[in-house]
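Given next are the chains, with one letter for each unit.
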Amino acid sequence: MYYLDIKTPMINFQEYRNSLYVDKTLMIDKIQNRIRTLNKYICITRPRRFGKTMNANMLAAYFTKGYDSRELFKGLKISKVPEFEEHVNQHHVIYIDLSRLPDPCTSFQEYLDWIKHCLLDDLKKSLSY
């Protein structure tokens, strides 16, 4: 399983866009303005079913270096922001779904160890290109 710069968030966000979608992409602008600042850490808490996963997929699809997602954001509010090109697809994104354990893991500690192992492997692969 891959964790670094994968296509899963783009696929998920595309599915959201194809359904009843309310444009919340200006959230991206608020977050990209915090990159490389002292206020770079953000905790988004909301009750169940309030769009946390959709927003996380939107952010990952926007920032990931793994794929070109410009077309996915075309026509949305974020595409009109002057800093759009500065950050779209310019950052490594780690995608981790903690809602279920993968088959080889029987505990969350095993899952965390497995994620570390996979990230190190992905990092080694990306450095060798």
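For the structure itself, consult the block above.
So, a few notes on the structure that sits alongside this text.

## Focus on the nonpolar core
Here is a general trend for soluble globular proteins: nonpolar side chains tend to be buried in one another's company. Core analysis: the biggest nonpolar cluster contains 20 residues, and Phe13, Ile28, Tyr62, Phe63, Phe73 and Ile78 have the highest contact counts within it. Every element with two or more residues in this core is listed here: helix H1 (8–18), helix H2 (26–32), helix H3 (52–63) and helix H4 (70–73). Among the elements that take part in this core, H3 stands out by supplying seven residues, more than any other. Every residue in contact with phenylalanine 63, bar those within four places of it in the chain, is listed here: Ile28, Ile31, Gln32, Ile35, His87, Asn89, Gln90, His91 and Val93.

## Quick notes on the environment of aspartate 97
Note on placement: aspartate 97 falls in the loop between helix H5 (84–87) and helix H6 (108–128). Overall, the relative accessible area of 23% leaves aspartate 97 in the partly exposed class.

## Structural notes on the side chain of asparagine 55
With respect to the helices and strands, asparagine 55 occurs in helix H3. Of the residues examined, asparagine 55 reaches a relative accessible area of 8% and is grouped as buried. Discounting residues that sit within four places of it in the chain, asparagine 55 has contacts with Lys24 and Met27.

## Here we look at H1
Taken together, the buried positions of H1 are Pro9, Met10, Asn12 and Phe13. For H1, the buried positions fall inside an angular range of 165° around the axis, keeping them on one side. Opposite the packed face of H1, turned more than 90 degrees from it, sit the exposed residues Glu15 and Asn18. The inward-facing, buried residues of H1 abut H3 and H4.

What counts as what
Residues numbered from 1 in each chain as written. Predicted model: local features only at pLDDT ≥ 70, side-chain atom pairs only at ≥ 80, totals over all residues. Heavy atoms only, no water. Core = buried A, V, L, I, M, F, W, Y, C linked by side-chain atoms within 4.5 Å. Buried < 20%, exposed > 50% of the residue type's maximum accessible area, 1.4 Å probe, protein only. Helix = DSSP H or I, 4+ residues; strand = E, 2+ residues; numbered from the N terminus. Contact = heavy atoms within 4.5 Å. Arc of directions from axis to C-beta.

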